[in-house]
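These are the residues of each chain, in order.
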Amino acid sequence: MRAWVLALAVVVGLWASSAHAAACCLSSSAFGIGRLSSWESMAFIAGGVASPVSGRWDGDRTWRPNAPGYAEAEWRAQLAALYAINSRFQISARMPYVMTTKTASDVSEAAGGLGDSDLFLRFEPVYQGEYSFLPEIALTAGLLMPLGRTAMASQTTLGSDVTGRGAWVPSFSASVELARDVWFVQLAGGVTLPMPMPGALPGQRQQYGPGWQATAAGGYEVRKGLVLSLVARGSYDGPLHIDGRVVPQSAAYDFGVGPAAAFKFQSHWTLQAGVDAGAFTSGLGSNRQGRISANLAVRYAYF
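Structural notes, computed from the coordinates. (Residues numbered from 1 in each chain as written. Predicted model: local features only at pLDDT ≥ 70, side-chain atom pairs only at ≥ 80, totals over all residues. Heavy atoms only, no water.)

Moving on to the nonpolar core. If you look at the biggest cluster of nonpolar residues, it comprises nine residues: Ile33, Leu36, Ala43, Ile45, Ala80, Leu82, Ala84, Ala297 and Ala301. Taken together, the elements giving at least two residues each to this core come down to strand S1 (42–57), strand S3 (70–84) and strand S19 (288–302). Here this core gets three residues from one element, more than from any other, and that element is S3. Residues Leu26, Ala179, Phe184 and Val227 belong to the second largest nonpolar core, which totals five residues. (Core = buried A, V, L, I, M, F, W, Y, C linked by side-chain atoms within 4.5 Å. Buried < 20%, exposed > 50% of the residue type's maximum accessible area, 1.4 Å probe, protein only. Helix = DSSP H or I, 4+ residues; strand = E, 2+ residues; numbered from the N terminus.)

Structure below.
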């Protein structure tokens, strides 16, 4: 009888350990850059994003579909890398190549180049699974580097060669995540603080207003290695300032929601895919393009 009890205890212990391990890494590569799992020392992500433009919200929050004869789409090929400094600190970087195609009446053009790129430092005061009664808590500091071509430097008729905004942008964010067995929920919020940059006229200075971003996500492991998630996000940028004066109706915001899937088809390799779309109706955006973005990427983890 003792042997049966001991065997049962071992089985239950192994199952609990396996379930806990699944919970701790469920969201690490579920969508976006994500994070490193506890046993990974670094990871590399290569992928692309296709974003056709359906229209635009103006400064009055009115949705305006593309005019007849106008079409626009953005294509991004991007590389990202993550590295674990230790069990609590991770650094990551992302660099995109941006290409835009535009058609307006009889004019069609396509151009691109290196886009604005990101650096991030992530600190986990409570990492996943450290305490059974606490969710994971992470704090991230980031920096957007203006490596792309701005609208002021555009050399094309329709501005298809614009690949960045031109400002250095520090950012700070926090996230909380709860993972149990085969599911996770995650809440994240952050602020951006764009730095001053040259304006359109000689000697002019302009500065984008502070912004905020919020994300809510939840995912479920439908089968071993396959995680399906739903991601909702919202972002706001404060009004533009030119030479210290506020530009009226220049604040911008929009919302988006969409599914994501991650399939770990081999211990080191994960295939990622996702869609993000806004609600293209008046009142749910301002000074933003309305896009449906589809992404596909492959992730390699080293451990």
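Take the side chain of serine 37 next. Examined against the element boundaries, serine 37 turns out to sit in the loop between helix H1 (2–25) and S1. Residue class for serine 37 comes out buried when judged on its relative accessible area of 2%. Side-chain polar atoms of serine 37 contact the side chain of serine 28, separated by 2.9 Å. With residues up to four places along the chain from it excluded, the contact list for serine 37 reads Cys25 and Ser28. (Polar contact = N/O pair within 3.5 Å; in protein donor to acceptor, adjacent residues only side chain to side chain. Contact = heavy atoms within 4.5 Å.)

With that settled, consider the pairing of strand S7 (residues 136–145). As defined by bridge partners, strand S6 (residues 117–126) adjoins S7 across eight bridges and the pair is classed as antiparallel. Residue pairing for S7: serine 117 is matched across the bridge by methionine 145. In the sheet, S7 pairs with strand S8 (residues 169–180) via nine bridges, with the strands oriented antiparallel. For alanine 141, the partnering residue across the bridge sits in S8 and is phenylalanine 172. (Pairing = 2+ DSSP bridges.)

The next point concerns the pattern of salt bridges. Oppositely charged side chains can pair when the atoms bearing their charge come close. Per the stated rule, a full pass over the model turns up 15 salt bridges. Notably, a salt bridge pairs aspartate 118 with arginine 94, separated by 3.1 Å at the nearest N-O pair. Of this pair, aspartate 118 sits in strand S6 while arginine 94 sits in strand S4 (residues 89–104), and the two are 24 residues apart along the sequence. Residue arginine 233 pairs with aspartate 276 through a salt bridge whose shortest N-O separation is 3.0 Å. In this pair, arginine 233 is assigned in strand S13 (residues 226–237) and aspartate 276 in strand S17 (residues 269–277), connecting sequence segments 43 residues apart. Judged by its relative accessible area of 24%, arginine 233 is partly exposed. Via salt bridges that share partners, Arg165, Arg233, Asp237, Asp254, Asp276 and Arg288 belong to a single interconnected network. (Salt bridge = Lys/Arg side-chain N within 4 Å of Asp/Glu carboxyl O.)

Geometry only, nothing functional implied.
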